[in-house]
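# Structural features, examined
Each chain, letter by letter, is given below.
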Amino acid sequence: MKVSLIPERCIACGLCQTYSDVFDYHDDGIVKFAHTEDLTAELPDDKDTLLAVKSCPTKALIVD
Ligand code: SF4
């Protein structure tokens, strides 16, 4: 599945990484992928990643 980040929407709440270690943070707490600096990544289908996406309070995470 394709997952995209919209850092401008991220409020650095830290929630997404509690669900999936696909997500990591810059020093200021804004979301990034753990494995790449890209804003879009093709990831294996995974329920924890999906839960993280759905749990983001500001819709900073998008799955296609
Ligand atoms: S859950 Fe959303 S707002 Fe919170 S850190 Fe992750 S991307 Fe940012």
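Structural notes, computed from the coordinates. (Residues numbered from 1 in each chain as written. Predicted model: local features only at pLDDT ≥ 70, side-chain atom pairs only at ≥ 80, totals over all residues. Heavy atoms only, no water.)

### Considering the packing of aromatic side chains
- Scanning all chains against the criterion turns up 1 aromatic pair.
- A centroid spacing of 6.0 Å and a plane angle of 25° characterise the contact between Phe 23 and Phe 33, whose relative ring orientation is stacked. One end of the pair, Phe 23, is in strand 2 (residues 23-25); the other, Phe 33, is in strand 3 (residues 31-33), and 10 residues separate them in sequence. A single burial state applies to Phe 23 and to Phe 33, both of which are buried. (Phe/Tyr/Trp six-rings, centres within 6.5 Å; stacked < 30°, edge-to-face > 60°. Helix = DSSP H or I, 4+ residues; strand = E, 2+ residues; numbered from the N terminus. Buried < 20%, exposed > 50% of the residue type's maximum accessible area, 1.4 Å probe, protein only.)

### Quick look at the pattern of salt bridges
- Applying the stated criterion across every chain yields a total of 3 salt bridges.
- The residue Lys 2 makes a salt bridge to Asp 64 at a minimum N-O spacing of 3.6 Å. Highlighted residues: Lys 2 in strand 1 (residues 2-5) and Asp 64 in the segment after strand 5 (61-63), separated in sequence by 62 residues.
- Residue Asp 48 is joined to Lys 47 by a salt bridge in which the shortest nitrogen-to-oxygen separation is 3.6 Å. (Salt bridge = Lys/Arg side-chain N within 4 Å of Asp/Glu carboxyl O.)

### Some remarks on helix 2 (residues 47-55)
- Turning to helix 2, its buried residues are Thr 49, Ala 52 and Val 53. All buried residues of helix 2 fall inside an arc of 100° around its axis, so they share one side. In helix 2, the exposed residues that point more than 90 degrees away from the buried face are Lys 47 and Lys 54.
- At its buried positions, helix 2 is contacted by strand 1, helix 1 (15-19), strand 2 and strand 5. (Arc of directions from axis to C-beta. Contact = heavy atoms within 4.5 Å.)

### Details of the nonpolar core
- The biggest cluster of nonpolar side chains holds 18 residues, and the ones touching the most others in it are Val 3, Cys 16, Phe 23, Val 31, Phe 33 and Leu 61.
- At the level of secondary structure, the elements contributing two or more residues to this core comprise strand 1, strand 2, strand 3 and helix 2.
- With residues up to four places along the chain from it excluded, the contact list for Val 3 reads Phe 23, Phe 33, Leu 39, Thr 40, Ala 41, Leu 43, Thr 49, Val 53, Ile 62 and Val 63. (Core = buried A, V, L, I, M, F, W, Y, C linked by side-chain atoms within 4.5 Å.)

### As for the site of the ligand
- Near the ligand there are 13 residues, and of these Cys 10, Cys 13, Gly 14, Cys 16 and Cys 56 occur at the shortest range.
- Among the residues making up the shell around the ligand, the classes are represented as 11 nonpolar, 2 polar and no charged. (Near = heavy atom within 4 Å. Nonpolar A, V, L, I, M, F, W, Y, C, P; charged D, E, K, R; others polar.)

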